Amino acid sequence: MGGLTRRQFGTAAASVALSAGALAAFGRAPAFAQGTALKVGVLLPRSGLLAQAGQACQRGAEIAPAILGELGYKVEILSADTESNVDVARSRAEKLINDGANVIVGAFDSGQTAAAAQVCEQRGVPLVMNIAAADRLTEQGYKTVFRNFPTSTMLVTNGLALMKDLFAVSGVTPKTAVFLHANDTFGMANKQAMDALFPKLDMPFGIVDSISYDPKAQDLAVEVAKAKATGAELAIVTTRANDAIMLVREMVKQRWEPKGIVSPGSPGLYDEQFYKVLGKYADYAITNLPWYDPKAELTKRVEVAFKKQYPNDRFEGYAFNVAFTLEAILVAADAFKRAGTAEPATLLEALRQTNLKDKMMVGPAITFDEKGQNTQLVSACLQNRNLRPTVVLPKDSAEMDPVFPMPGWGKRA
């Protein structure tokens, strides 16, 4: 995207941030700010193609004010729907800022997040990404973006490493794989990461083909037939819920039974809709990605609040989107509390100094490098078992042992 390198305002804002007045604000909350809530503009695709994921993220935003209030933070949520459209994401980000948002959180999809990042950089307003993996989002030289989510490079690197662990534990190693991925911003970013990283990681199998598809397609019969024809023993996928469902339906229909379906970090295979629609055919799929720590105090608070507000829904099916969205709001609230003001330059400097230990996701404290990226995120190996995302690796965190190869479609109970 050609318009992603506007740096003039970010440079000016950075210099202002280092003024004596800005630095003096740390460690004390001025009287005028003590009763003030941070206005958080939450930008998500709550309708359109990505509606299911956006609505799941929105639940994290809805329960955030009460949970964070118990922890001494005060936030007010202003919500906007991107309609799963890049241009709408840009205009809604503008509107949120015009409506008084001190910080933007969002926007799940990398393309929509890139549009919001342009706006935030131009306006000097912080953007804290909840979920968006394209590497370039933190490679533009922007001064206002912060990402507590892995890049595509991190996802693929960690995901492939966990595949080696899976093969070692199971004693079964496939010789060939086929890579199926959406042709949207996220899918293509993962494809680029796979192309760059795979030759360097000494994987025990070869990739015989990479097959892209339109996530808006009505079916994926042609793509699955092409993948099956390769004879690959492993299906590596980058999906979201709708296309993940279409892929597995076609695999069952065409009786394609690879040793496993593994995603190096994409959503879809663990989403609640995936379980509801596919039933027993959803089990045994594997996703390698960051996951929440069930023992963390914040996780326990969030789970209680979620079950109270959404008694008919399973926490596990929404937890990934809820957790990263709530953590993004927490990152902003923590910076606001330390800065003692929502004045942009001071708030941005506080975000750069983030060192947040009390959080939900597995791994060390949330910190950001000079690009605004949290480089310390780690992944776990999740396998769908009994229609539930279940940690099977690393062993110290495992709830069950992994099953690999997966049972054939006709052998599911």
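This text goes with the structure placed above it.
Here's a quick rundown of the structure. None of these values were measured; they are calculated from a predicted model.

Reading the values: rules and limits
Residues numbered from 1 in each chain as written. Predicted model: local features only at pLDDT ≥ 70, side-chain atom pairs only at ≥ 80, totals over all residues. Heavy atoms only, no water. Pairing = 2+ DSSP bridges. Helix = DSSP H or I, 4+ residues; strand = E, 2+ residues; numbered from the N terminus. Axes fitted to C-alpha atoms, helices over the stretch in contact; angles between N-to-C directions. Salt bridge = Lys/Arg side-chain N within 4 Å of Asp/Glu carboxyl O. Buried < 20%, exposed > 50% of the residue type's maximum accessible area, 1.4 Å probe, protein only. 1 Å grid on protein atoms, 1.4 Å probe; cavity = no way out; pocket = protein on both sides within 12 Å on 5 of 7 lines; lining within 4 Å. Points joined across faces, edges and corners; volume = space filled by probe spheres on them. Nonpolar A, V, L, I, M, F, W, Y, C, P; charged D, E, K, R; others polar.

This paragraph deals with the sheet that holds strand 11 (residues 380-384). Spatially, 7-6-8-9-10-11-12 is the arrangement adopted by the 7 strands of the open sheet, whose pairing is mixed. Since the sheet does not close on itself, it has two edges, and those belong to strand 7 (206-213) and strand 12 (389-393), each with one partner. Strand-to-strand twist in this sheet, taken as the mean axis angle between neighbours without regard to direction, amounts to 25°. By the bridge criterion, 3 bridges tie strand 8 (residues 234-238) to strand 9 (residues 260-263) in an arrangement that is parallel. Its bridge partner lying in strand 9, Leu-234 is registered against Gly-260.

With that settled, consider the pattern of salt bridges. When the charged atoms of two side chains lie near each other, side chains of opposite charge can form a pair. For the structure shown, the criterion picks out 18 salt bridges. A salt bridge links Arg-240 to Asp-184; its shortest N-O distance comes to 2.5 Å. Linking Arg-240 in the loop between strand 8 and helix 9 (241-253) with Asp-184 in the loop between strand 6 (176-182) and helix 7 (185-197), this pair joins segments that are 56 residues apart in sequence. On the accessibility criterion, Arg-240 (9% relative accessible area) is buried. When salt bridges that share partners are traced, they join Glu-70, Glu-297 and Arg-301 into one network.

On to empty space enclosed by the protein. Vacant regions in the atomic arrangement are exposed by a probe of water-molecule size rolled over the atoms. As enumerated under the stated definition, the model contains 4 cavities of 30 Å³ or more in all. In terms of residue class, the lining of the largest cavity is built from 9 nonpolar, 4 polar and 1 charged.

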